[in-house]
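Architecture and fold: a report
Now for the letters of each chain:
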Amino acid sequence: MKRAVPLLLAGAILAAFALPARASTTTIQMTDEFTFDPTPIAVNMGDAVKWQAANFSHTATSNTGLFDLTVSSHQSKSKAFKFAGTFPYYCQFHGSPGQGMHGRLDVPAKWLNTGTQHAGDVQRVRISTVKAPSGVAFDVQMKGPGDDAFHSYKTKITN
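Residues numbered from 1 in each chain as written. Predicted model: local features only at pLDDT ≥ 70, side-chain atom pairs only at ≥ 80, totals over all residues. Heavy atoms only, no water.

1. Quick look at the sheet that holds strand β9 (residues 99-107)
The strand order β3-β9-β8-β5-β6 describes an open sheet built from five strands, whose pairing is mixed. Strands with a single pairing partner mark the edges of an open sheet, and in this sheet they are β3 (41-42) and β6 (68-71). In this structure, strand β5 (residues 58-62) lies alongside strand β8 (residues 85-96), joined through two bridges in antiparallel fashion. Bridge pairing in β8 places S62 opposite Y89. (Pairing = 2+ DSSP bridges. Helix = DSSP H or I, 4+ residues; strand = E, 2+ residues; numbered from the N terminus.)

2. A short note on the side chain of S128
Take S128: it is sitting in the loop between β11 (125-126) and β12 (138-142). For S128, the side chain forms a polar contact with the main-chain oxygen of K82, separated by 3.4 Å. In terms of polar contacts, S128 uses its side chain to reach the backbone carbonyl oxygen of V130, at 2.5 Å. In contact with S128, other than residues within four places in its own chain, are M45, K82, F83 and F138. (Polar contact = N/O pair within 3.5 Å; in protein donor to acceptor, adjacent residues only side chain to side chain. Contact = heavy atoms within 4.5 Å.)

3. As for the pattern of salt bridges
Throughout the structure, instances matching the rule amount to one salt bridge. D106 is the salt-bridge partner of R104, the closest N and O atoms lying 2.9 Å from each other. (Salt bridge = Lys/Arg side-chain N within 4 Å of Asp/Glu carboxyl O.)

4. So, the packing of aromatic side chains
In total, this model carries 10 aromatic pairs according to the counting rule given. Between W51 and Y89, the aromatic rings sit 5.6 Å apart at their centres with planes inclined by 80°, giving edge-to-face as the arrangement. With W51 in strand β4 (residues 48-53) and Y89 in strand β8, this residue pair connects regions lying 38 residues apart in the sequence. The exposure classification of W51 matches that of Y89, with both residues buried. Measuring from ring centre to ring centre gives 5.4 Å for F81 and F87, while their planes differ by 45°; the resulting arrangement is tilted. Each member of the pair F81 and F87 is classed as buried. An aromatic cluster is built from F36, W51, F67, F81, F83, F87, Y89 and F138, whose rings are joined through pairwise contacts. (Phe/Tyr/Trp six-rings, centres within 6.5 Å; stacked < 30°, edge-to-face > 60°. Buried < 20%, exposed > 50% of the residue type's maximum accessible area, 1.4 Å probe, protein only.)

5. Considerations on the pairing of strand β1 (residues 25-30)
As paired elements, β1 and β4 share six bridges and run parallel to each other. Paired with M30 across the strands is A53, a residue of β4. Alignment of β1 against strand β2 (residues 36-37), held across two bridges, turns out to be antiparallel. Along β2, the bridge assignment pairs Q29 with D37. Taken together, β1 and the strand that follows it, β2, pair antiparallel across an intervening segment of five residues, in which F34 is found at a positive phi of about 60°.

6. Description of the nonpolar core
Formed by 25 residues in total, the largest nonpolar core has its most connected members in M30, F36, V49, W51, F81, Y89 and L105. Elements with a contribution of two residues or more to this core: β1, β4, β6, β8 and β9. If we skip the residues at most four places from it in the chain, F36 touches I28, Q29, M30, W51, T59, Y89, Y90, C91, M101, H102 and G103. (Core = buried A, V, L, I, M, F, W, Y, C linked by side-chain atoms within 4.5 Å.)

7. Details of the sheet that holds β2
Spatially, the four strands line up as an open sheet ordered β2-β1-β4-β7, and their pairing is mixed. Strands with a single pairing partner mark the edges of an open sheet, and in this sheet they are β2 and β7 (76-80).

8. Focus on the pairing of β4
Strand direction decides the pairing type here: β4 and β7, joined by five bridges, are antiparallel. By the bridge assignment for β7, A48 is matched with A80.

If you want it as structure tokens, here you go:
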């Protein structure tokens, strides 16, 4: 019995390290002054965003059609963001893309390499935790040493 306790404890510690980090939720207020607060925001890939309406109904509508949430007064709706990108959005009732009640959500890609990097090392970046939703494809750009601008690297990636 005495030998089993340390083994169980070691197993529990290893299991805890193997578990993925928990996703968090960031709340955006849909205000009575017809603003999204805060904006812009950045969240990690896999995190959720919760839009909370005050006294009026609003929408959180993606400029590119990726999401369209209608939130009744004193209610909230959430959406998990499982791939990297910049997501401008607006309220259909009180704004339009870039005008009136609008906001922006940034989900940065995740750098997977650790330690000191050297010329020639393979660089790994995660741009999504899921396959691309229907109708969506990912375009990846890169910038090499001495480049002034980004260049297409991979286009129309779905997985």
